[in-house]
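Topology and contacts: notes
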Amino acid sequence: MCTPLCYHLSEDGVVRFMWNQIYCGDCENILKIFPENSIDLIVTSPPYADQRVKTYGGVSPDDYVDWFLPKSAEFLRVLKPTGTFILNIKEKAVNGERHTYVLELILALRKQGNHVW
Ligand SMILES: C[S@@+](CC[C@H](N)C(=O)[O-])C[C@H]1O[C@@H](n2cnc3c(N)ncnc32)[C@H](O)[C@@H]1O
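This report concerns the structure included in the present document. (Residues numbered from 1 in each chain as written. Predicted model: local features only at pLDDT ≥ 70, side-chain atom pairs only at ≥ 80, totals over all residues. Heavy atoms only, no water.)

Each helix and strand in the chain was counted, giving four helices and six strands. Seen in sequence order, the chain has helices and strands lined up from the N terminus as β-β-α-β-α-α-β-β-β-α. Every one of the 117 residues in the chain was classed for burial, and the buried ones make up 29%. Partitioning the contacts of the chain with sequence separation of at least 6, the portion at a separation of at least 24 is 55%. (Helix = DSSP H or I, 4+ residues; strand = E, 2+ residues; numbered from the N terminus. Buried < 20%, exposed > 50% of the residue type's maximum accessible area, 1.4 Å probe, protein only. Contact = heavy atoms within 4.5 Å.)

Structure follows, in structure tokens:
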């Protein structure tokens with residue numbers, strides 16, 4: 001069951017989050033309510049390029065990096081310096097050849113400031 005965004009403004013004016021909740025929505029919008037350096041772990045399994053287009057709308061491999069970087073920018077902002085970001089992603093063949101969108105994403109994530117293992 002999804003719970004609406006649960007946080008409250010305490011007397012000292014600080015936003016306090018109700019942890020251990022499930023927030024449903026676009027991760028780019030949801031993450032905006034979280035303070036920077038507040039999260040220990042992010043695990044994500046985004047839609048793979050051009051997979052399940054009818055279900056997830058589909059992101060073409062050529063547009064994938066541009067689609068993902070605004071999301072990873074938020075991941076980077078909310079993650080603690082000691083935090084971990086785990087990405088589950090799968091490569092794709094296009095016209096019988098490996099498309100390089102995953103490799104391009106790794107390089108772009110590193111350029112964005114992520115430590116990539
Ligand atoms: C590959 S599936 C993940 C499947 C899931 N890990 C599982 O085991 O059932 C990708 C999911 O990302 C969700 N998604 C796509 N764009 C998103 C976004 N901007 N913010 C949050 N979720 C998104 C899709 O709705 C879909 O449920």
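There is more to say, and it comes next.
This brings us to the pattern of salt bridges. For the structure shown, the criterion picks out four salt bridges. The residue Lys71 makes a salt bridge to Glu28 at a minimum N-O spacing of 2.8 Å. Residue Lys71 is found in helix H3 (residues 64-78), and its partner Glu28 is found in helix H1 (residues 27-31); the two are separated by 43 residues along the sequence. Looking at Lys71, the relative accessible area reads 9%, which means it is buried. The residue Glu91 makes a salt bridge to Arg98 at a minimum N-O spacing of 2.3 Å. (Salt bridge = Lys/Arg side-chain N within 4 Å of Asp/Glu carboxyl O.)

Moving on, we get to unusual backbone geometry. Even without being glycine, Asn37 reaches a positive phi, approximately 55 degrees. Along the polypeptide, Asn37 turns up in the loop between H1 and strand S3 (39-44). Positive phi is not limited to glycine here, since Asn95 has a value of about 50 degrees. Topologically, Asn95 is positioned in the loop between strand S5 (92-94) and strand S6 (97-99).

Let's shift gears to the nonpolar core. Core analysis: the biggest nonpolar cluster contains 20 residues, and Phe34, Ile42, Tyr64, Phe68 and Phe85 have the highest contact counts within it. Within the residue set of this core, elements represented by two or more residues are H1, S3, H3, strand S4 (79-87) and helix H4 (101-112). Setting aside residues up to four positions removed in sequence, Phe68 forms contacts with Thr44, Pro46, Phe75, Phe85, Leu87, Leu105 and Leu109. (Core = buried A, V, L, I, M, F, W, Y, C linked by side-chain atoms within 4.5 Å.)

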